[in-house]
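Chain residues, written in single-letter form:
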Amino acid sequence: ISEIKKIGSVGVKLSIENERNFVVNESFEIINGTVSALRTDAILSLAIKLSREKTALLIKSIGIDINYEKNYSPNEKLKLNDIFSLRGYGKFVLLEIGGTSKKIGYILG
């Protein structure tokens, strides 16, 4: 704190007045379902409850973050434990891939 004199071109002074411990309350929801393929548009459409076509358009226009990297392809395959998010819709984790029916589980946060 004592070493910070400027932020950008603006002079600042920092001090600790009330030290608080912040508690983050995370809420999670398990989403289970069956998809036809492990493609981002199919899995995301299940998670955000939109049609696959509308989800593909969203991915193409604003992009989806897969493991914190921007991707604009609705055809991208997701793997177990991939973290993916769509701005304004939430963050998800692919927790489980069941046998041939491709049943999936998500945590929505």
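Residues numbered from 1 in each chain as written. Predicted model: local features only at pLDDT ≥ 70, side-chain atom pairs only at ≥ 80, totals over all residues. Heavy atoms only, no water.

Asks: Can you help me understand the overall build of the protein chain in this one?
Replies: On a plain count of helices and strands, the protein chain comes out with two helices and eight strands. Of the regular secondary structure in the protein chain, the N- to C-terminal order runs β-β-β-α-α-β-β-β-β-β. Buried residues in the protein chain amount to 30% of all 109 residues. Of the contacts made within the protein chain by residues no fewer than 6 positions apart, 37% connect residues no fewer than 24 positions apart. Roughly 7800 Å² of accessible area belongs to the protein chain as shown, and the carbon and sulfur atoms make up 52% of that amount. (Helix = DSSP H or I, 4+ residues; strand = E, 2+ residues; numbered from the N terminus. Buried < 20%, exposed > 50% of the residue type's maximum accessible area, 1.4 Å probe, protein only. Contact = heavy atoms within 4.5 Å. Areas by Shrake-Rupley, 256 points an atom, 1.4 Å probe, with all protein chains shown as cover.)

Asks: Would you mind going over a nonpolar patch on the surface with me for this structure?
Replies: Nonpolar side chains collect at one region of the surface, where Ile4, Ile7 and Leu14 lie side by side and expose about 260 Å² of accessible area between them. The exposure class of isoleucine 7 is exposed, given its relative accessible area of 54%. (Patch = residues over 30% accessible without salt bridge, like charges linked within 9 Å, V, L, I, M, F, W, Y side chains within 5 Å. Salt bridge = Lys/Arg side-chain N within 4 Å of Asp/Glu carboxyl O.)

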